Amino acid sequence: MAPRLSPQAYIDGVCAGDRMVLSRAITLVESALPSDRALAAAVLEGCQRRAGTAFRLGITGVPGVGKSTFIDAYGTYLTGIGHRLAVLAIDPSSEISQGSILGDKTRMDRLSRDPQAYIRPSPARGSLGGVTRATREAILLCEAAGFDYIIIETVGVGQSEVAVHSMVDFFLLLMLAGAGDELQGIKKGIMEMADGLAINKADGENLLRAQQARAEYETALHLFPASDSGWLPRVLTCSAIADAGMAEIAAMISDYRMVCTADGWLEKQRHAQAKTWMHETIGHLLLDQFYAHPLIKKNLIQKEIDVLEGKIPPTVAATQLIALYLQQTAK
């Protein structure tokens, strides 16, 4: 493990746009070591004044939809029109080894060589929501480093993979045509949160199917209640392989940004996200402190045995452990 820098060295390096220091700072905030928490907090506080100005785009989609290939194409389009782009790519982790391939850079060939782009793959490590526990902190650091456009790629679409919606300005849902019943291929709740849909791989023999799927999704979206932002989600087609449809997607997001900035929605959403971030952090810290408490460590194994042997219900064991923790912390 690389030696830790001083808080000011991290802050100065990140704010100067030093990518090596930025990477080390993200590693720091991702660290689960108790000794790193105070240092990470100081770094985040020092970088806070430079953050908050970038546009944050969340991208999710069913497995095999081509998220990484799409980000490579769309990100290259963005840097081509003058943006500085940071991509936070979340990789699924093994439930057995907790390891992760972190292979997104290999699937984003052009962006990985683009001097105006920065790609940071991170392992999910069991976190729900398709993001890591430190994704928000990584966003803040990338903004402080001067990137004006942040893309967060989730591990995919699932029942719990909606947390990215609570940390981005625009939520883009990538879909496939011709992969079965389009309207049943994804959960309604995620479609309701999407600010825009893009049907990828709309090329060759699949072009007609993509156009038909677009019409079906447009019809389905009209059945959903209007969003609080007043924005009406749009459905577009694209081909990441052929670099087709990138300008249209950028125009859609630009229209959204203009509409939602004018009526104050984006600012209101950012305030709500900051509040959510605080509450989630409280939950994470309390959970970590609970399991790290010596008395909990001492009694946890026996409670697990009691539950497995059917001596007490899991809820009773949990209640007893929490009562023990509160009793000890109140002293």
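These numbers were taken from a predicted model, which means no experiment stands behind them.

Draft legend 1. Structural context of the packing of helix H10 (residues 246-262) against helix H11 (residues 265-292). Close contact between H10 and H11 brings their axes to 5 Å; oriented N to C, the two are set at 80 degrees. One way to sum up the angle between H10 and H11 is to call them roughly perpendicular. Residues Tyr256, Arg257, Cys260 and Thr261 of H10 pack against Trp265, Leu266 and Gln269 of H11.

Draft legend 2. Up close: the side chain of Thr60. Looking at the element boundaries, Thr60 is found in strand E1 (residues 55-61). A polar contact of 2.9 Å, which involves the side chain of Thr60, links it to the side chain of Thr154.

Draft legend 3. Region of the structure containing H10. Counted at 1.5 Å a residue, the expected span for H10 with its 17 residues is 24 Å, and the 24 Å between its end C-alpha atoms agrees. Within H10 the residues assigned to the buried category are Met246, Ile249, Ala250, Met252, Ile253, Tyr256 and Cys260. Looking straight down H10, one finds that the buried residues subtend no more than 155 degrees of arc, so they occupy a single side. Facing away from the buried side of H10 by more than 90 degrees, the exposed set consists of Met258 and Ala262.

Draft legend 4. Structural view of the layout of surface pockets. Of the volumes computed, that of the second largest pocket is approximately 630 Å³. With five residues, H11 is the largest single contributor of residues to the lining of the second largest pocket.

Draft legend 5. Just helix H12 (residues 294-308), in detail. The terminal C-alpha atoms of H12, which comprises 15 residues, lie 22 Å apart, in line with the 21 Å expected from a rise of 1.5 Å per residue. Along its length, H12 reaches its greatest deviation from straightness, about 30 degrees, at Leu300. Considered for burial, the residues of H12 that qualify are Ile296, Leu300, Lys303 and Asp306. Buried residues belonging to H12 abut H11 and helix H13 (314-329).

Draft legend 6. Local environment of the pattern of salt bridges. Tallying each qualifying case throughout the model produces 12 salt bridges. As a salt-bridge pair, Asp36 and Arg4 come within 2.8 Å of each other at their nearest N and O atoms. Of this pair, Asp36 sits in helix H3 (residues 34-47) while Arg4 sits in the segment before helix H1 (7-15), placing them 32 residues apart in sequence. The shortest N-O distance in the salt bridge between Glu309 and Lys311 comes to 3.1 Å. Residues joined in a network through salt bridges with shared partners are Asp72, Arg110 and Asp243.

Draft legend 7. Inspection of the nonpolar core at higher detail. Of all hydrophobic cores here, the largest spans 50 residues; its most connected members are Val14, Leu22, Cys47, Leu141, Cys142, Ile150 and Leu197. Sequence-distant contacts of Val14, defined by excluding residues within four places in its chain, comprise Val21, Leu22, Ala25, Cys47, Leu141, Ala144 and Ala145. Listed in part, the 37 residues of the second largest apolar core include Val65, Leu111, Cys260 and Leu266.

Draft legend 8. Region of interest: the confidence of the model for the chain. Looking at the chain as a whole, its pLDDT mean stands at 87, while 86% of the residues score no less than 70. Mean pLDDT per element in the chain: helix H5 (residues 104-107) is the minimum at 64, and H1 is the maximum at 97. Contacts of residues 93-101 to residues separated by more than four positions or lying in other chains number 14 contacts, the stretch itself having pLDDT below 50. Scored below 50 in pLDDT, residues 181-185 makes 10 contacts in the model with residues more than four places away or belonging to other chains.

Draft legend 9. Main features of unusual backbone geometry. One non-glycine residue, Lys201, adopts positive backbone phi at about 60 degrees. Locating Lys201 in the fold gives a position in the loop between strand E6 (196-199) and helix H9 (207-221). Relative accessible area serves as the criterion here: at 35%, Lys201 is assigned to the partly exposed category. Despite not being glycine, Asp243 has its phi angle at roughly 55 degrees, a positive value. Here Asp243 shows up in the loop between strand E7 (234-237) and H10.

Draft legend 10. Layout of the packing of H12 against H13. Two elements in contact, H12 and H13, have axes separated by 10 Å at closest approach and are oriented at 165 degrees. Taken together, the axis directions place H12 and H13 in an arrangement best described as roughly antiparallel. Handedness of the crossing formed by H12 with H13: right-handed. Along the contact surface, H12 presents Leu295, Ile296, Asn299, Leu300, Lys303 and Val307, while H13 presents Pro314, Ala317, Gln320, Leu321, Leu324, Tyr325 and Gln328. When grouped by side-chain class, the residues that make up the contact of H12 with H13 number nine nonpolar, three polar and one charged.

About the cut-offs
Residues numbered from 1 in each chain as written. Predicted model: local features only at pLDDT ≥ 70, side-chain atom pairs only at ≥ 80, totals over all residues. Heavy atoms only, no water. Axes fitted to C-alpha atoms, helices over the stretch in contact; angles between N-to-C directions. Helix = DSSP H or I, 4+ residues; strand = E, 2+ residues; numbered from the N terminus. Parallel < 35°, antiparallel > 145°, perpendicular 65-115°, else oblique. Contact = heavy atoms within 4.5 Å. Polar contact = N/O pair within 3.5 Å; in protein donor to acceptor, adjacent residues only side chain to side chain. Expected span 1.5 Å × (residues − 1). Buried < 20%, exposed > 50% of the residue type's maximum accessible area, 1.4 Å probe, protein only. Arc of directions from axis to C-beta. 1 Å grid on protein atoms, 1.4 Å probe; cavity = no way out; pocket = protein on both sides within 12 Å on 5 of 7 lines; lining within 4 Å. Points joined across faces, edges and corners; volume = space filled by probe spheres on them. Bend = angle between axes of the 7 residues up to and from the residue. Salt bridge = Lys/Arg side-chain N within 4 Å of Asp/Glu carboxyl O. Core = buried A, V, L, I, M, F, W, Y, C linked by side-chain atoms within 4.5 Å. pLDDT = per-residue confidence, 0-100. Left-handed = near helix turned anticlockwise from the far one by under 90°. Nonpolar A, V, L, I, M, F, W, Y, C, P; charged D, E, K, R; others polar.

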